[in-house]
Amino acid sequence: MLIALIVGLLMGGGSVELLEFIAATDTEIKTVVTDDARRDAAQATLKDMKKRVEVMHKQRANTTRTLDNAVKPHEVDETAIDALLEEHFAMIGQYNRDMIDYRFQLKEQVTREEWQKLFGAD
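Here the structure is a predicted model, which is why all the values come from computation and not from measurement.

**Q** Lay out the confidence of the model for the protein with the relevant residues and their values.
**A** Model confidence for the protein is summarised by a mean pLDDT of 85, while 85% of its residues fall at 70 or above. With pLDDT under 50 throughout, residues 1-9 is counted as low confidence; its partners more than four residues away or in other chains account for three contacts.

Take a look at the structure:
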């Protein structure tokens, strides 16, 4: 159980919260963005973001499962674990870059005023 906790901390989390945020933003876009073409483009970007989060969630689960299997034996292969974690952290880096790209893509699809309504402070 402790290993699962450590793996969870190392692998990152928050995909459920991000999926909820994406769903809430999609709902807001329906009312805030009045131009059909821009609204459709923004919603398509959010749909792509959601898919990317889901892919990352599956990749993280696979890494966790593989790491769990790697630490079960008495003779742990540290090199294999290091390689697995290196690959996973590279995957997290790519995921983060993808999400930043989606953010900029979304920002290009709405006006400054719409962006403020969607994400500005109340």
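**Q** Could you give me a rundown of helix 5 (residues 112-119), with the residues and numbers involved?
**A** Listing the buried residues of helix 5 in full gives E114, W115 and L118. All buried residues of helix 5 fall inside an arc of 100 degrees around its axis, so they share one side. The exposed residues of helix 5 that point more than 90 degrees off its buried face are R112, E113 and K117.

**Q** Lay out the pattern of salt bridges in plain terms, naming residues and giving numbers.
**A** All chains considered together, the criterion is met by six salt bridges. Notably, a salt bridge pairs D35 with R38, separated by 3.8 Å at the nearest N-O pair. Residue R39 is joined to D36 by a salt bridge in which the shortest nitrogen-to-oxygen separation is 2.2 Å. Here D36 and R39 lie together in helix 3 (residues 36-71), a separation of three residues that amounts to about one turn. Classification of R39 by relative accessible area gives buried; the value is 18%. Here the residues in one salt-bridge network are D35, R38 and E114, joined through shared partners.

**Q** Describe in detail the nonpolar core, supporting the description with residues and values.
**A** Nonpolar side chains in soluble globular proteins tend to end up buried together. Within the largest apolar cluster, 18 residues are counted, with the highest numbers of intra-cluster contacts made by I29, L46, M49, M99, L106 and V110. If you list the elements that add at least two residues to this core, you get helix 2 (15-32), helix 3, helix 4 (78-109) and helix 5. Looking at this core element by element, the count peaks at six residues for helix 4. Each residue touching V110, except ones within four places of it in the same chain, is listed here: V33, R38, A42, W115 and L118.

The rules behind each value
Residues numbered from 1 in each chain as written. Predicted model: local features only at pLDDT ≥ 70, side-chain atom pairs only at ≥ 80, totals over all residues. Heavy atoms only, no water. pLDDT = per-residue confidence, 0-100. Contact = heavy atoms within 4.5 Å. Buried < 20%, exposed > 50% of the residue type's maximum accessible area, 1.4 Å probe, protein only. Helix = DSSP H or I, 4+ residues; strand = E, 2+ residues; numbered from the N terminus. Arc of directions from axis to C-beta. Salt bridge = Lys/Arg side-chain N within 4 Å of Asp/Glu carboxyl O. Core = buried A, V, L, I, M, F, W, Y, C linked by side-chain atoms within 4.5 Å.

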